[in-house]
Each structure stands twice: as C-alpha cells, then as structure tokens.
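One-letter residues, chain by chain:
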2 protein chains.
Amino acid sequence: MAGAGTIATAAAQPWRTLLVAALESNAHLKHSSYFQLATVAANGKPANRTVVFRGFQEGCDNIHIHTDSRSSKIDEIKHCRYGEVCWYFTESWEQFRINGTLDVIDCSTTDPVKLQQREKSWFSCSLKSRFQYLGPVPRLPVLSAEPSKVDQLDSSSGPVDTFCLLIFDPEQVDYLSLKGNERILFRSRRSSSESRVWFSDKVNP
Amino acid sequence: MAGAGTIATAAAQPWRTLLVAALESNAHLKHSSYFQLATVAANGKPANRTVVFRGFQEGCDNIHIHTDSRSSKIDEIKHCRYGEVCWYFTESWEQFRINGTLDVIDCSTTDPVKLQQREKSWFSCSLKSRFQYLGPVPRLPVLSAEPSKVDQLDSSSGPVDTFCLLIFDPEQVDYLSLKGNERILFRSRRSSSESRVWFSDKVNP
C-alpha cells in the first residue's frame, strides 16, 4: 500500500473540491491516501480491504488504484463490477463514501488507450513497488525456498502480467463532516454527451 | 462515531491477541477504534462505512457496534447478514480483515438476554452519544425548523427505539503486517459444542 497518488485538478465537481481539500489538509499523514474498497464476492458476501489512491484520471473524476491480478478482488470485480469506497480522514474528521463501478485493466485488455494508461501507471510506481508484482502468489501458504525474481526486472521494463490498473468511476458520493456536523449527498446521472451531471442535497447526518 | 470500546479479555484466540496488541499500541490515536464495515445492499451492490468498535462481548469474540435503526445498514443486514470489517491501524501498519455475520438487536428483539445486552450498551454511551438517536432521520433532507428532542431524555431513561446494537460474529480473520511483511489467515469452524475452533496459516502477503 506504499506511495500516494497525484491529485491533478480538472473542472472540479463540488464533491471533488471537498475531497482534494481533505487530501491537502491531511497530506502530512501518509495514511491519508489510503481508503477501504468494498466489493461483492461470487458467493454474495462482502469483501473489504485497504488500497492506495493513485490519483484521478486525466480529464475526468475516475480514481486509479493499482493491484495484483492474482488478488481475489479481481475475480470479485469480474463477478460484480460495483464497489464502494469508504475514505475517512483522521485529521479533519471527514468521511467520503463513494459508490461506482470498477474496470480492470490488465494484460488481457485490448483497448490501446487503456493499455497506455496501465503502462503510465506502471512507470509512475517506484521500483520497490514494481518488485511486489514479482512476489509469490498472495494468500498461498508461504514456501521458504521461494526463488527471488527481483533480478528479472529493470527500470525500463514495461508492466509485468500481474500488474493491474483498476479504474473506479464514481456515481454517488456521501460526504460527512463530523467536525461540522454536516452531510451532503452528491448524485449523478449520465448526460446525453456521456459526461456526468451532478446534483447535491444537504441531508441529516 | 465518538467513544472507544473496551477490550475486555477472554481465553484469547491468536488473532484476538494480535488485535488487542494493535489496539494497545495505537491507543493514543482516537481513530484507532474506528473501522470500516462492508455489507451488501438489497440491489446486490456493496456498501461501506466507518463505525466504532464498542468492545468484545463478555465471554466470546463477538464485536459490538452501535447504530441507528433508521440507517440503511439495518435493511442491508436484514437482507444479507454477512459483513466484512476492514480495520487498518495507522501507527503500527497492521490490517485486520474480519468476515462474519451480523445480528441486529433492536426494540423488536424478544430474546431477554439480547435485550439486556442492548440496555447495557445504551448505558455505556455518553449522554451526548445517546442524544444522537433522538436526532432527525439520517439521509433525509435537512429541515431548518426540526424541533429538538434533547429535553425528552434523562440519564436514567433506557434505550430509545432507534438505538440498535449490532453483534458481529467473526468467522475468518486475514491479518497483514506491512512493517513485518507478514500475513496470517485465521479460519474457524463450529465445534460440536457450538464454540468456534480456529486454525491459522502463514500465507504470502
């Protein structure tokens, strides 16, 4: 979960303005770029884990997350593409619950634009982070004699097969400020031009 | 989300020993008693929010959570009783993913033992926390002329109808230490005496 994302600006939606302000006011805390992502497994049960915010996609509000293709969240997302982010900022006491859909960009993706995004994400990682994708299969029993594959990677090598970019497309944001005792619900729908139109309501906390 | 839980000890399972140690080493951080609880809504989509750890149940490993009967998680749990807790400790860099089942104890519960647990939970809350359950309906639009009901509550009054105790019964714990680069999977099954028997495996992070 190492390494924070960039928070490049665009024509900012009000919820994004709040989120960027929270990221800035909590930026001195390494964990402020971590959030919890919930998905639904094939057996219908919820799954939940901490992931790292890797920045917004250029020109839109999609959120980037990196993961290993061998982690169970990939199968979960292929079964049910919905996710809910819960992002609690421990310094400013703000919570963002963001629901939306997840798109898996991996080595089997054929769309050249998405493959380019994946490659860009790969090179944005530190070498140490890249090495993690060469490690043994997550959640399998530890084998002490596991050979190291670290020497198979140099800094100019492109993404390894296990490297996945997850693109999270927010549809609704439930913002709660505990300090301000304020809650705002941001809802969206697709416009005719396929961009999102957002509406907001002040609701009871 | 105010007020931390107690961490009363019992014949401790290894995962609980790790969790209690994490709670102790992070105790100076108010947010160390907050975790994210994922559930599944009736539409099959995941939901995720921050809740407060209110302690373990006496004599077992069940985890107590307080909530408002008017919050959407109640309907979600009535539709699907499975939950997954993701609890990340920001100081010690440890994550506990705990999956299990949720039981809603509210004013319609008939089991006298459970009702007693709910009453005990109510009186363990500060008066300020109790007042929250008299507030306007969560997620409904804010009405400026909402009358205050605070004067309807004194310190000896029992639980109000909107006060719910959630009892979370852990079935599996996925422990990850980022500092130690260690991951342990704890699985359980019910023994013939209905208590849980736990097994653990060291797995790849």
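None of these values were measured; they are calculated from a predicted model. (Residues numbered from 1 in each chain as written. Chains lettered and ligands numbered in written order. Predicted model: local features only at pLDDT ≥ 70, side-chain atom pairs only at ≥ 80, totals over all residues. Heavy atoms only, no water.)

Moving on, we get to the relation of the copies chain B and chain A. The transform that puts chain B on chain A rotates by 180° and translates by 0.0 Å along the axis, for an RMSD of 0.0 Å. This pairing of chains is accounted for by a two-fold axis. Here 100% of the contact residues of chain B are again contact residues in chain A; the copies associate through an equivalent surface. (Least-squares fit on C-alpha atoms with pLDDT ≥ 70 in both. Contact = heavy atoms within 4.5 Å.)

All names here are of chain A. Across all of its chains, the model carries 28 salt bridges over all chains by this definition. Across the pair Arg196 and Asp169 runs a salt bridge, and its minimum N-O distance is 3.4 Å. In this pair, Arg196 sits in strand 8 (residues 196-203) while Asp169 sits in strand 6 (residues 163-177), placing the two residues 27 residues apart along the sequence. Across this residue pair, the class does not change: Arg196 and Asp169 are buried. Sharing partners across several salt bridges, the network here consists of Asp169, Glu171, Arg190 and Arg196. (Salt bridge = Lys/Arg side-chain N within 4 Å of Asp/Glu carboxyl O. Helix = DSSP H or I, 4+ residues; strand = E, 2+ residues; numbered from the N terminus. Buried < 20%, exposed > 50% of the residue type's maximum accessible area, 1.4 Å probe, protein only.)

Between chain B and chain A, the residue contacts involve 44 residues of the former and 44 residues of the latter. Both faces considered, chain B and chain A share a buried interface measuring about 3,700 Å² in area, 58% of it formed by carbon and sulfur atoms. Sorting the residues of chain B by area buried against chain A places Asn48, Arg139 and Asn204 of chain B first, and these three jointly supply 21% of that buried surface. Run the count over chain B and chain A and you get two salt bridges. Here Arg139 of chain B and Asp174 of chain A are joined by a salt bridge, their closest N and O atoms 3.2 Å apart. For the interface between chain B and chain A, the tally reads 19 residue pairs in polar contact (both at pLDDT 80 or more). Looking at the side of chain B that touches chain A, the elements that each hand over two or more residues are strand 1 (34-40), strand 2 (46-52), strand 4 (82-89), strand 5 (94-105), strand 6 (163-177), strand 7 (182-190) and strand 8 (196-203) of chain B. When the residues that make up the side of chain B that touches chain A are grouped by side-chain class, the tally is 23 nonpolar, 11 polar and 10 charged. (Buried area = accessible area lost by both parts, 1.4 Å probe. Polar contact = N/O pair within 3.5 Å; in protein donor to acceptor, adjacent residues only side chain to side chain. Nonpolar A, V, L, I, M, F, W, Y, C, P; charged D, E, K, R; others polar.)

When the UniProt feature table is mapped to this numbering, "domain: Pyridoxamine 5'-phosphate oxidase Alr4036 family FMN-binding" (unreviewed entry) covers residues 13-105 of chain A. Counted over residues 13-105 of chain A, helix gives 22% and strand 43%. Its end C-alpha atoms are 25 Å apart. (UniProt positions renumbered as here; feature names shortened; annotations may be inferred.)

This brings us to the side chain of Asp68 of chain B. Residues and elements named next belong to chain B. In this structure, Asp68 sits in strand 3 (residues 63-68). Taking relative accessible area as the criterion, Asp68 reaches 11% and is therefore assigned buried. Within the structure, Asp68 has its side chain in polar contact with the backbone nitrogen of Arg70 (distance 2.9 Å). Once you skip the residues sitting within four places of it in the chain, Asp68 turns out to touch Ile74, Gln132, Tyr133, Pro138 and Thr162.

Before going further, it helps to examine the confidence of the model for chain A. When pLDDT is averaged across chain A, the result is 92; 91% of the residues are at 70 or more. Note on residues 2-6 of chain A: pLDDT is under 50 here. Beyond four places in sequence and across chains, it has 19 contacts. (pLDDT = per-residue confidence, 0-100.)

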